[in-house]
Amino acid sequence: MIDIKEVAKKVIADEAEAICRLGDYIDDDFVKVVDLIYKSKGKVIITGIGKSAIIAQKIVATLNSTGTPAVFMHAADAIHGDLGMVCHDDVVICVSKSGNTAEIKVLIPLIRNVGNNQIVGMVSNTDSFLAHNAEYVIKAKVDREACPNNLAPTNSTTAQLVMGDALAICLIQCRNFSSRDFAKFHPGGSLGKRLYTRVSDVYDSENRPQVSEEDGIRKVILEMSGGRLGAVAVTDETERLLGIITDGDLRRMLEKYQNIDTLKAKDIMSVAPKTISEEELAYNAFQKMEKNSITQLVVVGEGDLYKGMVHIHDILREGVV
């Protein structure tokens, strides 16, 4: 009877060890490949066969999403017509553990026949056909697989994936690729919404519960109830923000005072409310609420001009988190 937990832990440890060794293989060729792609006028074409082809597709997806145009070309399909996608200025990366697969051996001279000499080999076996025939070699070297038979691609595909990520992140740094750039390529889902949805997109600027300093408690309660945001802003005659009263402030007021009839808004308001600009990202507003354990922020403009309130429910409803 095998110990499933121990087997799983050993696989993780084996792959972690293989990854840690990859740092030793970041050499001048790796630097040249980054520079080649960064300065290229063409696209990156990544090809492979079997499990390496699957890893190649993931690297392509990562490059495309981080500002480097890339396409996947299956090594077997390339010799049946897909080779037509290769242009003179493209950088072609061949991903292979052994570097000796029949498809790769056929493909490399065909790529050169179309006038492209910018071939990069991402390979574990540095004494292979691919390593000897590529202009540049990215060494995704592993000693063995995590598979007990040393057959199923495990450590080797993980190494390829990590080297592909290293390549992509280096290119991000070279291009000064920012979160705003990232948002252009990720408009869908919560990830995209985090990067482009602003407070102005989610809060109701028409719902602006507010009272003056001199307003009584009855007015405060009615305004808070009507706004349904759990708070009301206290403003001066120019609508400059002076403070905030929350439903928590009302509860504390009832505990503290026996007679509330003479109280005014200024007597119970908090004078340093948490605020945010309507131009801020909605996700930043959410993080600020979480950090301060509150459910709303006062939206202000220049000079602390009161614009309204953004509630945590506005952000959740929009799907930002």
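These figures come from a predicted structure and were not determined experimentally.

Rules and cut-offs
- Once a new chain begins, its residue numbering starts again from 1 and follows that chain's sequence as written.
- Confidence filtering applies because this is a predicted model: local features only for residues at pLDDT of at least 70, side-chain atom pairs given and counted only at 80 or more, and all residues used for totals across whole chains, interfaces and linings.
- The basis for the side-chain values is all heavy atoms of the structure; hydrogens and waters are excluded.
- Between the rings of Phe, Tyr and Trp (Trp by its six-membered ring), a pair exists once the centres lie within 6.5 Å; its type follows the angle of the planes, with under 30 degrees stacked, over 60 edge-to-face, and the other angles tilted.
- Counting from the N terminus, the helices are DSSP H or I runs at least four residues long and the strands are E runs at least two residues long.
- Exposure classes here rest on a 1.4 Å probe applied to the protein chains alone. A residue is buried below 20% of its type maximum, exposed above 50%, and partly exposed in between.
- Strand pairing follows a simple DSSP-based rule, namely that at least 2 bridges must link the two strands.
- For helices, the fitted line uses only the C-alpha atoms of the stretch in contact; every axis is such a line through C-alpha atoms, and the angle between N-to-C directions lies from 0 to 180 degrees.
- Contacts are assigned to residue pairs that have any heavy atoms within 4.5 Å of one another.
- UniProt positions are given in the numbering used here, feature names are shortened, and annotations may be inferred rather than shown by experiment.
- By definition in this entry, angles of less than 35 degrees are roughly parallel, angles greater than 145 are roughly antiparallel, angles of 65 to 115 are roughly perpendicular, and the rest are oblique.
- Here a crossing is called left-handed whenever its near helix is offset anticlockwise from the far helix by less than a right angle, and right-handed whenever the offset is clockwise.
- For this scheme, ten residues count as nonpolar: Ala, Val, Leu, Ile, Met, Phe, Trp, Tyr, Cys and Pro. Four count as charged, namely Asp, Glu, Lys and Arg, and the remainder, Gly too, count as polar.

A. A look at the packing of aromatic side chains. Throughout the structure, instances matching the rule amount to 1 aromatic pair. Taking the centre distance of 6.3 Å and the plane angle of 25° together, the rings of Tyr283 and Phe286 count as stacked. Of this pair, Tyr283 and Phe286 are both found in helix H14 (residues 282-292), 3 residues apart, which corresponds to roughly one turn of the helix. For Tyr283, a relative accessible area of 19% corresponds to the buried category.

B. Spatial organisation of the sheet that holds strand S3 (residues 91-96). Within the open sheet, the 5 strands sit side by side as S2-S1-S3-S4-S5. Their pairing is parallel. Two strands in the sheet have a free side with no partner beyond their single neighbour: strand S2 (70-74) and strand S5 (136-139). Each strand of the sheet is rotated relative to its neighbour by a mean of 25°, with strand direction disregarded. Across 5 bridges, the pairing between strand S1 (residues 44-48) and S3 is parallel. When the bridges of S3 are listed, Ile45 appears paired with Val92. The strands touched by helix H3 (residues 51-65) are S1, S2, S3 and strand S4 (119-123); relative to S2, the strand with the most contacts, the crossing angle is about 165°.

C. Region of the structure containing the UniProt feature "binding site: Zn(2+)" (unreviewed entry) in the protein chain. Here, the residues flagged by UniProt with the feature "binding site: Zn(2+)" (unreviewed entry) are His74. Within the secondary structure layout, His74 lies in strand S2. The class of His74 is partly exposed, set by a relative accessible area of 24%. With residues near it in sequence (within four places) discarded, His74 still touches Thr47, Gly48, Ile49 and Ala53.

D. Here's a closer look at the environment of Phe72. Here Phe72 is to be found in strand S2. Between the alpha carbons of Phe72 and Met85 there is a distance of 9.8 Å; along the sequence they are 13 residues apart. When sequence neighbours within four positions are dropped, the list of residues in contact with Phe72 reads Ile46, Gly48, Ala53, Ala56, Gln57, Val60 and Met85.

E. Just the packing of H3 against helix H7 (residues 155-175), in detail. Viewed as axis vectors pointing N to C, H3 and H7 meet at an angle of 20°, and their least axial separation amounts to 10 Å. With respect to H7, the element H3 is oriented roughly parallel. Pair H3 / H7 crosses with right-handed handedness. Here Lys51, Ser52, Ile55, Lys58, Ile59, Thr62 and Leu63 of H3 lie close against H7, whose contacting residues are Thr157, Gln160, Leu161, Gly164, Asp165, Ala168 and Leu171. Considered class by class, the residues forming the contact of H3 with H7 number 6 nonpolar, 5 polar and 3 charged.

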